[in-house]
Amino acid sequence: MRDSTPEGTPEGRIFRPMNLSELSQAVDLAFDYRGDVTLDLTSGETVEGYLFNRDAAADPPILFIFPRGESGVRLIRYADIAAIVLSGEDPASGKSWEGWVRKKETERKADAARVEAEARARGHL
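As the structure is a computational prediction, the values presented were derived from the model and not from experiment.

Participant: Describe the pairing of strand β4 (residues 46-55), with residues and values.
Facilitator: Note: strand β3 (residues 37-41) against β4, four bridges, orientation antiparallel. By the bridge assignment, Asp40 is partnered in β4 with Thr46. Connecting β3 to the next strand, β4, in antiparallel fashion are four residues, including Gly44 with a positive phi near 100°. The pairing of β4 with strand β5 (residues 62-67) spans six bridges and is antiparallel. The residue bridging Tyr50 from the neighbouring strand is Phe66, located in β5. Connecting β4 to the antiparallel partner β5 that follows it, the hairpin turn spans six residues.

The structure is reproduced here in structure tokens:
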């Protein structure tokens, strides 16, 4: 599978699968991506949106996308996909579990200090 990959982030990756196996891998990677994707279809149409589900076992295999600027869901057959671009910003990019834990611990300490201050102001401590 031909893949253009910028350094350090999956955002901007372009997949041009050469066969069904590569296409299935690209769809799985796009599904795991947390940002919007752009699908270049064999018809020449481009669809941008959030890929929220896929069914590789269906006959034919399909994916489900919420297209940007449209209401509802669109089903697209794998066979109709020429390229997949991880085009939208990944809201979790650069964020780690450890960073999330540190943030929550800081918030917890701030909340505890606020509650203590309120209790002191009421004369409970």
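Participant: Outline the packing of aromatic side chains, listing residues and values.
Facilitator: In total, this model carries two aromatic pairs according to the counting rule given. With 6.1 Å between their ring centres and 50° between their planes, Phe52 and Phe64 make a pair best called tilted. Of this pair, Phe52 sits in strand β4 while Phe64 sits in strand β5; the two residues are 12 residues apart in sequence, bridging distant segments of the chain. Given a relative accessible area of 29%, Phe52 falls into the partly exposed group. Residue classification places Phe64 among the buried residues on the basis of a relative accessible area of 18%.

Rules used in this analysis
- Residues numbered from 1 in each chain as written.
- Predicted model: local features only at pLDDT ≥ 70, side-chain atom pairs only at ≥ 80, totals over all residues.
- Heavy atoms only, no water.
- Pairing = 2+ DSSP bridges.
- Helix = DSSP H or I, 4+ residues; strand = E, 2+ residues; numbered from the N terminus.
- Phe/Tyr/Trp six-rings, centres within 6.5 Å; stacked < 30°, edge-to-face > 60°.
- Buried < 20%, exposed > 50% of the residue type's maximum accessible area, 1.4 Å probe, protein only.

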